[in-house]
Amino acid sequence: MANRTFGWVQNPASTETLRDILSMFVPGSQFHSYMVKERLPLLASANLFKSENLYLDFQKILRASSPIPYDILKGQGAGEEGRPKAKCSGLAQAAVTGQKYKEYVIDGRKIRMKKPYTDDWSADGFLRWAVSLGFLDYSYSEDTCSITPLGTKFVKAQSEKEKNEILGRAFLSYPPVCRVLGLLKEYGHLTKFEIGANLGFTDEAGFTSFPQNIWVQAYEETSCSEDKKNLRSDVEGSSDKYARMICGWLEAIGWVSKRPKMVTERIGGKTYHCEIPFAFEITGAGIINYRKALGLSKAPRTPKIVYREMLASKAPNANYLRMRRSLILCFLENHVSKSANEIRDYLATQGVVEDLTVIKDDLAGLINIGLDIEYLNGQYKLKDKILKLIPYIHKEAKENIDAVLIKDRARAKLNHIDHKYLTLIDFAFSGKGKSLDFEVYTIDLLVNELSFQGKHLGGSRKPDGIFYYLERGVIIDNKAYSKGFTISRHMADEMIRYVQENNDRNPERNPNQWWLNFGNDVSQFNYVFLSSTFRGEVEYMLDNIKQSTGIDGCVLTAENLLYFADAIKGGIISNSDFLSKFAINRELEYPLN
């Protein structure tokens with residue numbers, strides 16, 4: 001079975017391009033004729049196909065009017081030649097016109113025009129969008145796509161009103177759209193961060209939301225216009241991006257309106273007022289159609305399309321999670337209320353043995369992706385009808401890797417803090433690709449969940465962050481390592497530099513003066529390396545830092561940080577007691593010795 005990623009869509013936004021791709025499945029449609037008579041011949045004459053036989057193959061496929069293999073639609077990756085130089089290798093690639101102009105030689109003449117095809121990644125985004133909305137039907141057994149009756153109606157629609165009505169019907173079958181509409185209806189004017197924080201399986205690294213107050217702090221404290229521009233355009237979590245894209249789709253059909261929102265956030269002992277441009281409200285038409293989706297009008301409740309891939313994103317054991325959550329939905333699909341204990345017991349009969357906390361987190365995630373699951377008197381009831389969710393024939397085994405085992409162990413022990421912070425374990429083991437998320441979620445936990453003062457710093461010649469409480473402050477160095485972190489001489493020297501800069505507080509030594517982010521009353525300082533696990537001569541290297549700076553520190557795993565956090569939130573230890581333990585020059589473990 002091919003590995004596809006249906007369910008979550010971040011980048012495609014043009015419904016006209018989506019319609020063009022669908023038109024390839026409808027012989028006689030305007031775009032189908034254009035592909036056969038103009039676009040494919042153009043690509044052939046400009047020598048833009050990856051191989052010579054693709055032109056005839058694509059012409060034959062378009063004329064066949066039958067299911068099309070997914071790989072033929074998507075095409076191949078760029079390979080060694082790189083994305084800018086990669087030639088067209090897929091039908092969906094050929095259907096999408098690029099944004100940039102380039103000079104091509106066609107029949108001996110140089111012609112400047114927009115690139116007449118796109119890359120496989122962009123093509124795949126439109127295909128996944130079409131499948132997720134129910135315009136294309138995907139066959140797991142054949143790895144092919146065919147157009148659905150709704151997709152054909154969309155292609156043949158003539159007026160803008162008719163197109164939008166069909167799009168609206170498709171959007172309501174997509175659970176995340178209903179989640180976004182529901183949040184806007186309940187809470188009113190929301191930013192992409194406020195929506196993203198409540199969208200998806202928030203305890204997984206594939207569903208991140210940049211904490212709004214940390215974003216506001218960074219935006220308001222920078223005077224650089226380029227940095228402000230980057231914060232507006234580039235700094236967001238994956239769930240924030242999903243939220244922004246979905247609201248863009250709904251804005252285009254009049255169900256959502258976009259209006260900047262003035263927010264007030266307090267962090268680091270300061271209050272900030274900031275206008276966030278990406279903020280949205282539901283319209284009257286949006287409310288009417290959301291009620292249709294729930295079956296609260298004369299129209300019947302809209303069935304939800306849920307491909308199994310929607311049930312997990314970038315988790316290290318994604319296939320197992322999808323299977324487990326599929327089983328939960330199958331157990332609830334008869335619309336009879338069930339308790340978490342009953343769901344757990346059913347899973348056990350299927351060979352899936354899990355703690356109750358796992359079941360409850362899964363159910364919270366299923367609600368967050370947009371499924372209507374009612375929780376009443378300790379009972380869960382699925383009110384939606386689910387389409388396209390194919391049960392697993394073969395059971396998926398849980399991967400016995402460190403990140404999975406540690407996360408499961410921690411989940412069962414965390415009774416007071418939000419389980420979204422379990423993603424810290426994912427980030428700690430993820431490697432450098434998730435370093436920023438690791439840094440930001442660490443500060444989020446300390447500041448927003450535990451009421452420390454602190455700030456994410458990062459960037460050149462700064463530690464990753466700092467936090468403090470009363471007179472005690474800590475310098476943080478996050479290290480995301482999948483196989484465990486060893487304090488090298490270089491890493492130790494870097495920490496020595498940070499500690500000495502804080503000791504000296506000389507702007508000539510470091511003009512950015514990052515140490516000013518500590519409160520004026522902070523007089524006792526320590527440092528911490530935060531990572532997945534630790535290897536090598538940890539105590540020896542910490543002693544070296546102490547000898548060079550006179551300052552004590554420690555190392556701390558993400559797992560133990562979560563245990564301390566839960567104990568602080570539960571009132572078992574105080575913020576002051578926690579910080580007093582950082583001066584140990586070894587690994588800090590919970591419970592305290």
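Everything quoted here is computed from the prediction, not taken from an experiment.

Peer 1: What is the right way to look at the sheet that holds strand β1 (residues 68-69) in this model?
Peer 2: Strands in a sheet are paired, the pairing made by backbone hydrogen bonds, and the direction either parallel or antiparallel. Here we have three strands laid out as an open sheet, ordered β1-β5-β4, and antiparallel in their pairing. Single-partner strands in this sheet number two, and they are β1 and β4 (136-139). As judged from the two bridges shared by β1 and strand β5 (residues 144-147), these two strands associate in the antiparallel manner. Its bridge partner being in β5, I68 is matched across the sheet by C145.

Peer 1: What's the story with the pattern of salt bridges in this structure? I'm lost.
Peer 2: Any two side chains of opposite charge can pair, so long as their charged atoms come close to each other. This model, assessed by the stated rule, comprises 36 salt bridges. The closest approach of N and O atoms between K479 and E494, which form a salt bridge, is 3.8 Å. One end of the pair, K479, is in strand β18 (residues 472-479); the other, E494, is in helix α21 (residues 489-504), and 15 residues separate them in sequence. Between R509 and D504 there is a salt bridge whose closest N-O contact spans 2.3 Å. The class of R509 is partly exposed, set by a relative accessible area of 33%. Under the relative-accessibility criterion, D504 is labelled partly exposed at 45%. Salt bridges here are not isolated pairs; linked through shared partners, they connect E204, R324, R325, E354, D362, K398 and D408.

Peer 1: Would you mind showing me how to read empty space enclosed by the protein here?
Peer 2: Over the atoms rolls a probe the size of a water molecule, and its path tells where empty space is left. Scanning all chains against the criterion turns up four cavities of 30 Å³ or more. Put simply, the largest cavity is a space of about 150 Å³. Lining the largest cavity are 17 residues, with N317, L321, K407, D408 and R411 sitting closest to its centre. Listed by contribution, the elements that provide at least two residues to the lining of the largest cavity are α15 (318-332), α17 (356-368) and α18 (402-411). The greatest single-element share of the lining of the largest cavity, amounting to five residues, is contributed by α18. Among the residues making up the lining of the largest cavity, the classes are represented as six nonpolar, one polar and 10 charged. What the second largest cavity holds in volume is close to 70 Å³. For the lining of the second largest cavity, the class distribution of residues is three nonpolar, five polar and five charged.

Peer 1: Explain the nonpolar core here, please?
Peer 2: Considering soluble globular proteins, one finds that nonpolar side chains tend to be buried as a cluster. By size, the foremost hydrophobic cluster in this structure holds 114 residues, and its most contacted members are F135 and L366. Among the elements that make up this core, the one with the highest residue count is α15 (nine residues). Setting aside anything within four residues of it in sequence, one finds L366 in contact with F201, L311, R325, I328, L329, L371 and I373. Grouped together as the second largest cluster of nonpolar side chains are 56 residues, Y219, L445, L561 and Y563 included.

Peer 1: Whenever I open this one, the pairing of strand β14 (residues 379-382) confuses me. Can you help?
Peer 2: Consecutive side chains of a regular strand alternate in pointing toward one face of the sheet and then the other. Along β14, the buried face is formed by Y380 and L382; none of Q379 and K381, which line the opposite face, is buried. Across two bridges, strand β12 (residues 338-339) lies against β14 in antiparallel orientation. Within β14, the residue paired with S339 across the bridge is Q379. Of the pairings in the sheet, the one linking strand β13 (residues 373-376) to β14 comprises four bridges and is antiparallel in character. Across the sheet, I373 pairs through a bridge with L382, a residue of β14.

Peer 1: Even after reading the chapter, I still don't get the sheet that holds β12, so can you show me in this structure?
Peer 2: The sheet built from three strands is open, its strands ordered β12-β14-β13 with antiparallel pairing. With one partner strand each, in any of the chains shown, β12 and β13 form the two edges of the open sheet.

Peer 1: Teacher, can you tell me more about the environment of E587 here?
Peer 2: Positionally, E587 belongs in the segment after α24 (575-580). Residue classification places E587 among the partly exposed residues on the basis of a relative accessible area of 24%. When the C-alpha atoms of E587 and A197 are compared, they prove to be 32 Å apart, with 390 residues separating the residues in sequence. For E587, the residues in contact, after removing those within four places along its chain, are F534, V555, T557 and N560.

What counts, and at which threshold
- Residues numbered from 1 in each chain as written.
- Predicted model: local features only at pLDDT ≥ 70, side-chain atom pairs only at ≥ 80, totals over all residues.
- Heavy atoms only, no water.
- Pairing = 2+ DSSP bridges.
- Helix = DSSP H or I, 4+ residues; strand = E, 2+ residues; numbered from the N terminus.
- Salt bridge = Lys/Arg side-chain N within 4 Å of Asp/Glu carboxyl O.
- Buried < 20%, exposed > 50% of the residue type's maximum accessible area, 1.4 Å probe, protein only.
- 1 Å grid on protein atoms, 1.4 Å probe; cavity = no way out; pocket = protein on both sides within 12 Å on 5 of 7 lines; lining within 4 Å.
- Points joined across faces, edges and corners; volume = space filled by probe spheres on them.
- Nonpolar A, V, L, I, M, F, W, Y, C, P; charged D, E, K, R; others polar.
- Core = buried A, V, L, I, M, F, W, Y, C linked by side-chain atoms within 4.5 Å.
- Contact = heavy atoms within 4.5 Å.

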